[in-house]
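Residue strings, one per chain:
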Amino acid sequence: MSTVTPKSTTEIDAMREAGRLAAEVLEMIGPQVDVGMTTGEIDRICHDHIVNVQKAVPAPLNYKGFPKSICTSVNEVICHGIPSDNKKLRNGDIINIDVTVIKDGWHGDTSIMVGVGDIAPHAERLMRVTQECLYQALALVKPGAALGDLGHVIQQHAESNYYSVVREYCGHGIGQVFHEEPQVLHYGKPGTGLRLEPGMTFTVEPMINAGKRYTKLNARDGWTVTTRDGRLSAQWEHTIVVTDTGCEVLTRRQDETFPF
């Protein structure tokens, strides 16, 4: 029997609103990212929009001591990059912007990759394949599917493109709690793990490395995770709910079309 409690229709409605707001933040900030901008500026713009325009709460701020309102992970940073006025974006950088909004007690969690200026073809390819990994996993979501099905297709697509999958960090259940069960691994075997039921809500957020999968945690700040070999990493994330026939992407952006 599942230890994950599906959400009610009313609860999913509340999560749908939180997800919409999180997507709106990314729609707002993405086009503004440019050469010379600092990640600290990006954080402030997002914070002001969430707090003053959306009348919502940026979930990362003070979460287990995290000092900023969003995560900004540049180039070899895999996840949990801390925005800083000392981190100026350069031509050719790639950046993951990870936003989680709390509205009326419910969370919406999503992230995008943005290329800064002129991007090298190998960096563009990494970002594209990583997004394909996410979409291929979402296409498999339906009642009765197993979480291992999602992990397997992500791993297979990444590795067939000569990339590697980060294993220390994963997707997660979400609702009134930022991180709850289940853990959503981005690698695995088909047919293994939790069986999905309508009303389950969780994130899928593959972290794909251009080089080896191994990670390194910055001992000074206790948050920033980088590739151990210094090569690029990319990540895309959505919050979803399992429906009777598949899934609804609660953090879908207005200009986003899914191949499923």
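This section reports on the structure supplied with the text.

Quick notes on the rules
- Residues numbered from 1 in each chain as written.
- Predicted model: local features only at pLDDT ≥ 70, side-chain atom pairs only at ≥ 80, totals over all residues.
- Heavy atoms only, no water.
- Helix = DSSP H or I, 4+ residues; strand = E, 2+ residues; numbered from the N terminus.
- Rg over C-alpha atoms; globule rule 2.2 N^0.38 Å.
- Buried < 20%, exposed > 50% of the residue type's maximum accessible area, 1.4 Å probe, protein only.
- Pairing = 2+ DSSP bridges.
- Contact = heavy atoms within 4.5 Å.
- Axes fitted to C-alpha atoms, helices over the stretch in contact; angles between N-to-C directions.
- Salt bridge = Lys/Arg side-chain N within 4 Å of Asp/Glu carboxyl O.
- Expected span 1.5 Å × (residues − 1).
- Core = buried A, V, L, I, M, F, W, Y, C linked by side-chain atoms within 4.5 Å.
- Parallel < 35°, antiparallel > 145°, perpendicular 65-115°, else oblique.
- Left-handed = near helix turned anticlockwise from the far one by under 90°.

**Points about the overall build of the protein chain**
In terms of regular secondary structure, the protein chain is built from 4 helices and 15 strands. The C-alpha atoms of the protein chain give a radius of gyration of 17 Å, which matches the 18 Å a tight globule of 260 residues would have. With respect to the principal axes defined by its C-alpha atoms, the protein chain has extents near 50 × 45 × 35 Å. When each of the 260 residues of the protein chain is scored for burial, the buried share is 55%.

**Some remarks on the sheet that holds strand β10 (residues 207–209)**
Taking strand neighbours across the sheet as the criterion, the 3 strands line up as β6-β10-β13 in an open arrangement whose pairing is antiparallel. The open sheet has two edge strands with one neighbour each: β6 (164–165) and β13 (233–235). Summarising the sheet, β10 and β13 pair through 3 bridges and their orientation is antiparallel. Its bridge partner lying in β13, Ile208 is registered against Ala234. Set on the sheet, helix α3 (residues 121–140) makes contact with β10 and β13; between it and β13 the angle comes to about 40°.

**Observations concerning the sheet that holds strand β3 (residues 77–79)**
Pairing in this open sheet of 3 strands is antiparallel, and the strands run β3-β12-β11 from one edge to the other. Bordering the open sheet on either side are β3 and β11 (215–217), each of which pairs with just one other strand. Pairwise comparison of adjacent strand axes, ignoring direction, gives a mean angle of 40° for this sheet. Strand direction decides the pairing type here: β11 and strand β12 (residues 225–227), joined by 3 bridges, are antiparallel. Bridge pairing in β12 links Thr215 to Thr227.

**Overview of the pattern of salt bridges**
For the coordinates displayed, the defined rule picks out 9 salt bridges. One salt bridge connects Arg20 with Glu24, and the closest N-O pair in it is separated by 3.4 Å. Of the two residues, Arg20 and Glu24 are both situated in helix α1 (residues 9–29); the distance of 4 residues between them amounts to about one turn of the helix. In this structure, the salt-bridge partner of Asp85 is Arg44, at a minimum N-O distance of 3.1 Å. Pair noted here: Asp85 is in the loop between β3 and β4 (94–103) and Arg44 is in helix α2 (residues 39–53), with a separation of 41 residues, a long-range link. Here the salt bridges do not stand alone but share partners, grouping Asp13, Arg16 and Glu248 into one network.

**As for helix α4 (residues 147–160)**
For α4, which comprises 14 residues, the first-to-last C-alpha distance of 20 Å matches the rise-based estimate of 20 Å (1.5 Å per residue) to within 8%. Taken across its 14 residues, α4 has 10 buried, putting it largely inside the fold. All of the buried residues along α4 are Leu147, Gly148, Asp149, Leu150, Gly151, Val153, Ile154, Gln155, His157 and Ala158.

**Structural notes on the nonpolar core**
A general tendency of soluble globular proteins is for nonpolar side chains to be buried together. Membership of the largest hydrophobic core comes to 59 residues, with the highest contact counts inside it found for Ile42, Ile95, Ile97, Val99, Phe202 and Val204. Setting aside anything within four residues of it in sequence, one finds Val99 in contact with Ala22, Val25, Leu26, Ile50, Ile70, Gly108, Asp109 and Thr110. Of all hydrophobic cores here, the second largest spans 6 residues; its members include Ile12, Met15, Trp106 and Val241.

**Focus: the pairing of β4**
The buried fraction of β4 is high, at 10 of 10 residues. Inspection of the sheet shows strand β1 (residues 57–58) paired to β4 by 2 bridges, in the antiparallel sense. Paired with Pro58 across the two strands is Val101, which belongs to β4. Two strands pair when backbone bridges link them, and strand β2 (residues 71–74) and β4 are joined in this way by 4 bridges, in the antiparallel orientation.

**Observations concerning the packing of α3 against α4**
Closest axis-to-axis distance for the α3/α4 pair is 8 Å, and the angle between their directions is 150°. One way to sum up the angle between α3 and α4 is to call them roughly antiparallel. Handedness of the crossing formed by α3 with α4: right-handed. Residue-level contacts link Val129, Glu132, Cys133, Gln136, Ala137 and Leu140 of α3 to Asp149, Leu150, Val153, Ile154, His157 and Ala158 of α4.

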